[in-house]
Amino acid sequence: MNEQQQTLWQFMHEQSDKLFAQTLQHVGLTFISLLFAIAIGLPLGILIARKRKLSGTVLGIAGVLQTVPSIALLGFMIPVLGIGAKPAIVALLIYALLPIIRNTYTGIIGIDQHVKEAARAMGMSKSQILLKVELPLAMPVILAGIRTATVINVGVATLASFIAAGGLGEFIFGGISLNNTNMILAGAIPAALLAIILDALLSLVQKMNFKKLRKALYILPAVLLILGGFYVLPSAYGSTLTAGFTPEFMGRQDGDLGLKSIYGLKIHTIVISDAIMYKAAFSKELDVISGYSTDGRLKAFDLKILKDDKSIFPPYYAAPIVRNEAFKQFPKLEETLNLLAGKITDSVMTDLNYRTDYLHQTPERVAKDFLISTGLYKAPKNGHNGVVRIGSKIFGEQYILAEMYSMLIRGNTDYGVSTKTGLGGTKICFDALMNDQIDFYPEYTGTGLLVLLQPDPKIAKEMAHNKDKTYNYVSAEFEKKFKIKWLKPIGFNNSYALMMRQKQSKDLNVNTITDLKNYLDKN
Amino acid sequence: MIELKGISKKFGDAQAVNKVSFKVEEKETLVLLGTSGCGKTTTLKMINRLIEPDAGGVFIDGKDITNEDPDVLRTGIGYVMQNIGLFPHYTVAENIAVVPKLLKWDKEKIKVRTQELIKKLHLPENSLSMFPHELSGGQQQRVGLARALVTDPSVLLMDEPFGALDNVTRTSIQKEFKGLEELKRKTIVMVTHDVQEAFELADRICLMDKGKIIQIGTPKELLYQPINDFARKFLAGQRLGLEFKVVKIQDIWSYLPKVTLQDGKSLSDDLNVWDAMELLRSSDRSELLVSGDNKESKAINFEQLTKAFNQFQNAQVHE
């Protein structure tokens, strides 16, 4: 417990620069959108208080917008506004709108009719009544709405990191994908504190009497502007190129940290969710992204992988892993599975992924087409000499591999096949294998090393950048610890990779990460 | 001078005001009297265009008010309302200064005038920096009055001005109100449902029912020459009290004994019977010295007063 707290403190201390920047962004994002929400919501509230027939429609629309899930709302924004500050501010604004409109409306219509009549009777014009009577008297209610909106905005602003708008969400979601509790807390605690502090401050303003309130109201817009002004960081591009990295990549040694320490890469970086990263690179909002080297979108969006010439990304070579017991039962299994060894390169795998992910072909068809084109396909023998059970993880690439192995076994042996695809994650797949629920599944060397073996960090570091060393190490260790055999690698390496648009890479003559670093240093 | 010519107003299907016409002379106080829903408040609000009439016209000093900008028109007319309608977010001083600020008076002028008014209206000096909720009901109403009087408009409209006050406060403020010099030079239209109040303050009373004028005349005319049953019944409950107030010493002069005294300070025969009786009750004097119009003075005791009043009453009935 004590240790945990200390490490959280250490983490926050270590990352204090980032923490400070993210907090400022968070505050800025919250207030800049609040400012716009007030600028739109207040007049709208006044309008519907004047023309009450409109109130149902306007409040209805604002209410519906409020119920759109925040992630979905951010998603809707991307095609229209791209990524970064703009869509985030618009999304936050939309969430802040309802409480501001509603409270302005109820505040104004709730004013004592006699006071309004007195104002008219004394000869005040409509605008004078609004400015001198209605708004001041409705102010406590309007402020309550602004307070609600502020707290909502602090919360929703954590999601802004999904679309590269920064904020404390970078730590929170990075921490979640890295399973790093300290990182999550380093984002979550300041966000919660922000909400509590802002709520308390606004409740003080709200409770002021009219005299003090009048002064406070002159200060408030200024404060909003200043706080909103904090938010200039992610939108002002510091270098000629902009990188978009996933929160997980940001926190990994074999990610952004390695890029900085080993390559000395200095690039303006924004944090973004991997769901939209590729598209953002395609639409030129980002220049460099962190992706997976066999992702189908690489092809879909015409991206090029930069060569990792200093090998900071550990190899993730795919190979089937088989229980030793299975070889006794199925003597021809090893030979059959090895038919695929070395046959699928990175670009081939990318193409196959592209077909399933983007052309929506079935994994079965993609697998069959590939086997036919390489001459490996044989018609099934429909044998009954036992059933081989194949497992796969829950993503496209693994489905394709499972189908290929299934076809190879049926065509080359007289074994039957049953597939158990879609096992949710490494742990589940591996447990199924260990417990004799499946006979084999395709695994990656990097995963075997870092997730399943979890050796001493020193060994891991030494291994991590060498393809053969890693393979040899996991082979030997799996045999020893688990009685599981790594067959020959299939050929492709599905590791982290930096990517650029083909055309830009050619134009700038950047082919490796070192090229990229040199280019950035020169420009 | 205010003149209403056949003004009517409908709210939905209800005819709130139906062809009402009257004239209020310069410096006259006309009271619109009637039960709730008789159209008296609607009539009042059409004079400063808080409500626009459907038909008919309102003329102030001969000018048709529909030709004027309603905001400008209203800054020129004082308005006192039942719920006082002070701005809760303004101090007393700021409340009083609303209209002068609209008229762009300079600060010094506003300050001088405000000081003058709070003295006249017996408001404490320190109340200027207070907010309305810190004042008593009576004080609030005085501030409401100050707000209406601050620019010294020639026309003053009052909608149940004392309606929100308790009986004791109401009676004392009415008295002050009546004695206020500022009000004597104004043309006033006041709305009330309180017969006593109407008789206390009105030069003439306009009795209304169902949007129409029933009778318009002096309190005495209403009391002794009611035009119909409605008018008679409307006053019946409080008749004796009203008569004491309406009948003046000069009215019953001839019924008083002819005892003259030379010395002592005498009262005007403008005094009404009610006030005379109160004076006799409250002071240790057993006689009041009253001087008539032909320099003749009479000393009156309580018994003589009531007797003379009764004789006057009988004479009215037999007329």
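Note that the structure is a prediction, hence the values are computed from the model and not measured. (Residues numbered from 1 in each chain as written. Chains lettered and ligands numbered in written order. Predicted model: local features only at pLDDT ≥ 70, side-chain atom pairs only at ≥ 80, totals over all residues. Heavy atoms only, no water.)

A. Structural context of the overall build of chain B. In terms of helices and strands, chain B carries 14 helices and 13 strands. Expressed as lengths along the three principal axes of its C-alpha atoms, the size of chain B is roughly 60 × 50 × 35 Å. Every one of the 319 residues in chain B was classed for burial, and the buried ones make up 51%. A sequence separation of at least 24 residues applies to 65% of the contacts in chain B between residues at least 6 apart. Summing over all exposed atoms, chain B offers an accessible surface of approximately 15200 Å²; the carbon and sulfur share of this is 49%. (Helix = DSSP H or I, 4+ residues; strand = E, 2+ residues; numbered from the N terminus. Buried < 20%, exposed > 50% of the residue type's maximum accessible area, 1.4 Å probe, protein only. Contact = heavy atoms within 4.5 Å. Areas by Shrake-Rupley, 256 points an atom, 1.4 Å probe, with all protein chains shown as cover.)

B. A look at the interface of chain B and chain A. Tallying the contact residues gives 25 residues for chain B and 19 residues for chain A. In total, chain B and chain A occlude about 2000 Å² of area from one another, counting both sides; carbon and sulfur atoms represent 63% of this. Sorting the residues of chain B by area buried against chain A places Phe 87, His 89 and Leu 102 of chain B first, and these three jointly supply 29% of that buried surface. Where Glu 117 of chain A meets Lys 45 of chain B, a salt bridge forms, and the shortest distance between an N and an O atom there is 2.5 Å. Sorting the residues of the side of chain B that touches chain A by element identifies helix H2 (70-75), strand S6 (77-81) and helix H4 (98-102) of chain B as the ones contributing at least two each. Across the side of chain B that touches chain A, the residue classes tally to 12 nonpolar, seven polar and six charged. (Buried area = accessible area lost by both parts, 1.4 Å probe. Salt bridge = Lys/Arg side-chain N within 4 Å of Asp/Glu carboxyl O. Nonpolar A, V, L, I, M, F, W, Y, C, P; charged D, E, K, R; others polar.)

C. Looking closely at the sheet that holds strand S12 (residues 288-291) of chain B. Residues and elements named next belong to chain B. An order of S11-S12-S13 is seen for the three strands of this open sheet, with the pairing classed as mixed. The open sheet has two free edges, formed respectively by strand S11 (267-268) and strand S13 (297-300), since each of these has just one partner strand. Pairing of S11 with S12 involves two bridges; the strand directions are parallel. When the bridges of S12 are listed, Leu 267 appears paired with Val 290. (Pairing = 2+ DSSP bridges.)

D. Up close: the packing of helix H6 (residues 137-149) of chain B against helix H7 (residues 167-179) of chain B. Residues and elements named next belong to chain B. H7 packs onto H6 with a crossing angle of 30° between their chain directions and a minimal axis gap of 11 Å. It follows from the interaxial angle that H6 and H7 lie roughly parallel. Where H6 crosses over H7, the two elements pack in a sense that is right-handed. Between H6 and H7, the residues in contact are Gly 138, Arg 142 and Leu 145 and Thr 169, Ile 173, Glu 176 and Phe 177, respectively. Its residues assigned to classes, the contact of H6 with H7 comprises three nonpolar, two polar and two charged. (Axes fitted to C-alpha atoms, helices over the stretch in contact; angles between N-to-C directions. Parallel < 35°, antiparallel > 145°, perpendicular 65-115°, else oblique. Left-handed = near helix turned anticlockwise from the far one by under 90°.)

E. Up close: the nonpolar core. Leu 34 of chain A together with Leu 32 and Phe 87 of chain B are the most contacted members of the largest nonpolar core, which has 89 residues in total. Per element, the largest residue contribution to this core is 12 residues, and it comes from helix H7 (residues 126-156) of chain A. Excluding residues that lie within four positions of it along the chain, Leu 32 of chain B makes contacts with Phe 22, Lys 40, Thr 43, Leu 44, Val 189, Met 190, Val 191, Thr 192, Cys 206 and Met 208 of chain B. (Core = buried A, V, L, I, M, F, W, Y, C linked by side-chain atoms within 4.5 Å.)

F. Examining the domain arrangement of chain A more closely. Under the domain assignment, chain A is made up of domain 1 (2-229), domain 2 (242-313 + 497-522) and domain 3 (318-494). Of note, the centres of domain 1 of chain A and domain 3 of chain A, computed from C-alpha atoms alone, are 51 Å apart. (Domains from an automatic or database assignment.)

G. A look at the packing of helix H2 (residues 16-50) of chain A against H7 of chain A. Residues and elements named next belong to chain A. For the pair H2 and H7, interaxial distance at closest approach is 10 Å and the crossing angle is 140°. When the axes of H2 and H7 are compared, the pair comes out oblique. Here H2 runs over H7; the crossing is right-handed. Within the contact between the two elements, H2 uses His 26, Thr 30, Phe 31, Ser 33, Leu 34, Ile 38, Leu 42, Ile 46 and Arg 50 and H7 uses Lys 126, Leu 130, Glu 134, Leu 135, Ile 142, Ile 146, Ala 149, Thr 150, Asn 153 and Val 154.

H. Just the packing of aromatic side chains, in detail. In total, this model carries 22 aromatic pairs over all chains according to the counting rule given. The interplanar angle of 50° and the centroid separation of 6.4 Å between the aromatic rings of Phe 313 of chain A and Tyr 496 of chain A together place this pair among those described as tilted. Residue Phe 313 of chain A is located in the loop between strand S4 (303-306) and strand S5 (318-323), and its partner Tyr 496 of chain A is located in strand S10 (residues 496-501); the two are separated by 183 residues in the primary sequence. No difference in accessibility class separates Phe 313 of chain A from Tyr 496 of chain A, as the two residues are buried. Members of the aromatic cluster, each reached through a chain of ring pairs, are Phe 245, Phe 249, Tyr 292, Phe 313 and Tyr 496 of chain A. Note that Lys 5 of chain B overlies the ring of Phe 59 of chain B, its terminal NZ or CZ placed 4.6 Å from the centroid. Positioned above the aromatic ring of Phe 87 of chain B is the side chain of Arg 147 of chain B, whose terminal nitrogen or guanidinium carbon lies 5.7 Å from the ring centre. (Phe/Tyr/Trp six-rings, centres within 6.5 Å; stacked < 30°, edge-to-face > 60°. Lys NZ or Arg CZ within 6 Å of the ring centre and 35° of its normal.)

I. Structural context of the pairing of strand S1 (residues 2-11) of chain B. Residues and elements named next belong to chain B. Note: S1 against strand S2 (residues 14-24), seven bridges, orientation antiparallel. The residue of S2 that forms the bridge with Lys 9 is Val 17. Taken together, S1 and the strand that follows it, S2, pair antiparallel across an intervening segment of two residues, in which Gly 12 is found at a positive phi of about 65°. Alignment of S1 against strand S4 (residues 55-60), held across five bridges, turns out to be antiparallel. Its bridge partner lying in S4, Leu 4 is registered against Val 58.

J. Focus on the pairing of strand S8 (residues 187-192) of chain B. Residue and element names in this part refer to chain B. A large share of S8 lies buried, amounting to six of its six residues. One ladder, built from five bridges, connects strand S3 (residues 29-33) with S8; its direction is parallel. Residue pairing in the sheet places Val 31 in a bridge with Met 190 of S8. Where strand S7 (residues 155-159) lies against S8, five bridges are found, and the strand directions are parallel. Counterpart to Met 158 in the pairing with S8 is Met 190.

K. Structural context of the UniProt feature "domain: ABC transporter" (unreviewed entry) in chain B. Sequence positions flagged by UniProt for "domain: ABC transporter" (unreviewed entry) are, in local numbering, residues 2-235 of chain B. Segment residues 2-235 of chain B splits into 38% helix and 26% strand. End C-alpha atoms: 27 Å apart. (UniProt positions renumbered as here; feature names shortened; annotations may be inferred.)

L. Just the domain arrangement of chain B, in detail. Residue and element names in this part refer to chain B. Assigned domains of chain B: these are domain 1 (2-243) and domain 2 (247-318). Taken over C-alpha atoms, the centre of domain 1 sits 33 Å from the centre of domain 2. Regarding the contact of domain 1 and domain 2, the summed buried area is about 520 Å², with carbon and sulfur atoms giving 49% of it. It is Lys 220, Tyr 224 and Glu 243 in domain 1 that bury the most area against domain 2; as a group they hold 75% of the surface buried on that side.

M. Fine view of the environment of Lys 27 of chain B. Residue and element names in this part refer to chain B. Along the chain, Lys 27 falls in the loop between S2 and S3. Sequence separation between Lys 27 and Gln 238 is 211 residues, and the spatial gap between their C-alpha atoms is 28 Å. Setting aside residues up to four positions removed in sequence, Lys 27 forms contacts with Lys 184, Arg 185, Lys 186, Thr 187 and Asp 203.

N. Representation of the pattern of salt bridges. Counted under the stated rule, the structure contains 41 salt bridges over all chains. A salt bridge links Arg 365 of chain A to Asp 369 of chain A; its shortest N-O distance comes to 3.6 Å. With Arg 365 of chain A and Asp 369 of chain A both in helix H18 (residues 363-373) and four residues apart, the pair spans about one turn of that helix. On the accessibility criterion, Arg 365 of chain A (46% relative accessible area) is partly exposed. Here Lys 178 of chain B ties to Glu 200 of chain B by a salt bridge, and the two come within 3.9 Å at their closest N and O atoms. Placement of Lys 178 of chain B in helix H7 and of Glu 200 of chain B in helix H9 (residues 195-201) is noted, with a sequence separation of 22 residues between them. Connected through salt bridges with shared partners, the residues Arg 113, Glu 116, Lys 120, Asp 152, Glu 182, Arg 185 and Lys 186 of chain B form a single ionic network.

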